[in-house]
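Report on the structure
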Amino acid sequence: MFSLSELERAADVVHVHLSATPQIAWPLLRKRIGAEVWVKHENHLPTGAFKVRGGVVFAEGYSRQERTSSDEAGGHRGRGLISATRGNHGQSLAWAGGHFGLPVVIVVPVGNSAEKNAAMAALGATLIEHGADFEEAREAAQRRAAAEDLVFVPSFAPDLVKGVASYALELFRSAPPLDAVYVPIGLGSGICGTILARDLLGLGTEVIGVQSVGADCYARSFAAGCVVAGNRADTRADGIAVRQPDPEALRIILGAAARVVTVEDAAIAEAIRVYWTDTHNLVEGAGAAPLAALIKEREVMRGKRVGLIASGGNIDLALFRSWVG
């Protein structure tokens, strides 16, 4: 999908706008798990989640191409960007759009997180509610893109993967050699970026995907060796509440992930509590799922050095109180 030099250039673009996030080996997690646990704190980014890295790289590339197109043809390729999201991807595009002067339209499912909706709107996105879940919102966004001359931005695309892979580049170059790293799977940009960065650096680290039991389309697809569409996304961890795998993401995962672990929502809630008590970090459901998986596999990982991707910290207060409190 990209070379190491291309990934490094993307990381340079990211670092013009965003500081590198810390990777911290927390002593209380080591005591709890029986392993050296390095947490990559993507919850420390200005949107509270890793997706903004991909948004920056995508928006920078789009702006550069648009300027070239305008200079050569006297026009524009589109009137702005549009996408569908449950929150973090939308905040990413809204934040990046604001920095590059791009209008951004975001379609969210009806009943989406009120706090994530407010954050996207505050960042300048035009917000539209449509559909019962992410898939219906995505279909509506694609229709609107065609009708209104907008550029549809999927949740999984080469520039997005290259951008988010910069967190893995930071982690692998800053932490000691890792035996394994656990990564949550939404539509796959995070785990694919981690796999590709690992392979480009020639490391032997196992990359382990994590999903909720109630939204396990990648886990079932991984077991089957082909796309298995889900008919439900029954989890309160909205960042991983997907029911349709991306075929290109699955291809990368099938070829290079060690396994895909599923965890119950109750285990995710417990992992959120553990993050708070052991590190005083607030981590959302998707970001806590890797810790839940490590706790589930603690005997396998005992004595090893393990990375966890705390992919974001955007959890509504009401959800935190009812689910975790």
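Below you will find a few notes about this structure. Every value quoted in this text rests on a predicted model; they were computed, and no experiment measured them. (Residues numbered from 1 in each chain as written. Predicted model: local features only at pLDDT ≥ 70, side-chain atom pairs only at ≥ 80, totals over all residues. Heavy atoms only, no water.)

**Digging into unusual backbone geometry**
- Here the phi dihedral of aspartate 149 falls at roughly 60 degrees; this positive angle occurs in a residue that is not glycine.
- Residue placement: aspartate 149 occurs in the loop between α6 (134-148) and β6 (151-152).
- If you check the backbone angles, histidine 280 has positive phi at about 55 degrees while not being a glycine.
- Mapped onto the elements, histidine 280 comes out in the loop between α11 (265-279) and α12 (285-296). (Helix = DSSP H or I, 4+ residues; strand = E, 2+ residues; numbered from the N terminus.)

**Section: the sheet that holds strand β5 (residues 126-129)**
- Pairing is parallel across the open sheet formed by four strands, whose spatial order is β5-β4-β3-β6. In this open sheet, the two strands that pair with only one neighbour each are β5 and β6.
- Here two bridges tie strand β3 (residues 81-84) to β6, and the two strands are oriented parallel to one another. The partner of isoleucine 82 across the bridge, within β6, is phenylalanine 152.
- Helix-sheet contacts for helix α4 (residues 88-100) involve β3 and β4 (104-108), and the interaxial angle to β4 is about 170 degrees. (Pairing = 2+ DSSP bridges. Contact = heavy atoms within 4.5 Å. Axes fitted to C-alpha atoms, helices over the stretch in contact; angles between N-to-C directions.)

**What about the nonpolar core?**
- Within the largest apolar cluster, 49 residues are counted, with the highest numbers of intra-cluster contacts made by Ile191, Cys192, Tyr218 and Ile253.
- Here this core gets eight residues from one element, more than from any other, and that element is helix α7 (residues 158-174).
- Contact partners of cysteine 192, with chain neighbours within four places excluded, come to Phe156, Val161, Ala249, Ile252 and Ile253.
- Residues Ile240, Ala292, Leu319 and Trp323 belong to the second largest nonpolar core, which totals 36 residues. (Core = buried A, V, L, I, M, F, W, Y, C linked by side-chain atoms within 4.5 Å. Buried < 20%, exposed > 50% of the residue type's maximum accessible area, 1.4 Å probe, protein only.)

**Looking at the packing of aromatic side chains**
- In the structure shown here, the tally under the stated rule is one aromatic pair.
- For the ring pair phenylalanine 50 and tyrosine 167, a centre distance of 5.9 Å and an interplane angle of 85 degrees mean the geometry is edge-to-face. With phenylalanine 50 in the loop between β2 (36-41) and α3 (51-73) and tyrosine 167 in helix α7, the pair connects residues that are 117 residues apart, well separated along the chain. Here phenylalanine 50 matches tyrosine 167 in class, with each residue buried. (Phe/Tyr/Trp six-rings, centres within 6.5 Å; stacked < 30°, edge-to-face > 60°.)

**Remarks on the packing of helix α8 (residues 189-201) against helix α10 (residues 247-256)**
- Viewed as axis vectors pointing N to C, α8 and α10 meet at an angle of 50 degrees, and their least axial separation amounts to 9 Å. In this view, α8 runs oblique relative to α10, as classed from their interaxial angle. The element α8 and its partner α10 pack so that their crossing is left-handed. On α10, the residues touching Ile191, Cys192, Ile195, Leu196, Arg198 and Asp199 of α8 are Ala249, Ile252, Ile253 and Ala256. (Parallel < 35°, antiparallel > 145°, perpendicular 65-115°, else oblique. Left-handed = near helix turned anticlockwise from the far one by under 90°.)

**Description of the sheet that holds strand β7 (residues 180-184)**
- Across the sheet, six strands lie side by side as β1-β2-β10-β7-β8-β9; this open sheet has mixed pairing. Only two strands of the sheet have a single partner each, and these edge strands are β1 (23-25) and β9 (259-263). Across the sheet, the axes of successive neighbouring strands diverge by a mean angle of 25 degrees, strand direction being ignored.

**Remarks on the packing of α11 against helix α14 (residues 317-324)**
- At a closest axis distance of 10 Å, the pairing of α11 and α14 adopts a crossing angle of 110 degrees. Our classification of the angle between α11 and α14 gives roughly perpendicular. Contacts from Asp265, Ile268, Ala269, Ile272 and Arg273 of α11 reach α14 at Phe320, Trp323 and Val324.
- The residue makeup of the contact of α11 with α14, split by class, is six nonpolar, no polar and two charged. (Nonpolar A, V, L, I, M, F, W, Y, C, P; charged D, E, K, R; others polar.)

**A look at the pairing of β4**
- Burial analysis of β4 places five of its five residues in the buried class, which makes it a mostly covered element.
- Burial along β4 is two-sided: Val104, Ile106 and Val108 facing one way and Val105 and Val107 facing the other are all buried.
- Both β3 and β4 contribute to a ladder of four bridges, which runs parallel. Its bridge partner being in β4, alanine 84 is matched across the sheet by valine 107.
- Handedness of the crossover joining β3 and β4 through α4: right-handed.
- As paired elements, β4 and β5 share four bridges and run parallel to each other. Looking at β5, one finds that valine 105 is bridged to threonine 126.
- Each parallel crossover has a hand, and the one from β4 via helix α5 (residues 114-122) to β5 is right-handed. (Right-handed = clockwise from strand over helix to strand, strands pointing away.)

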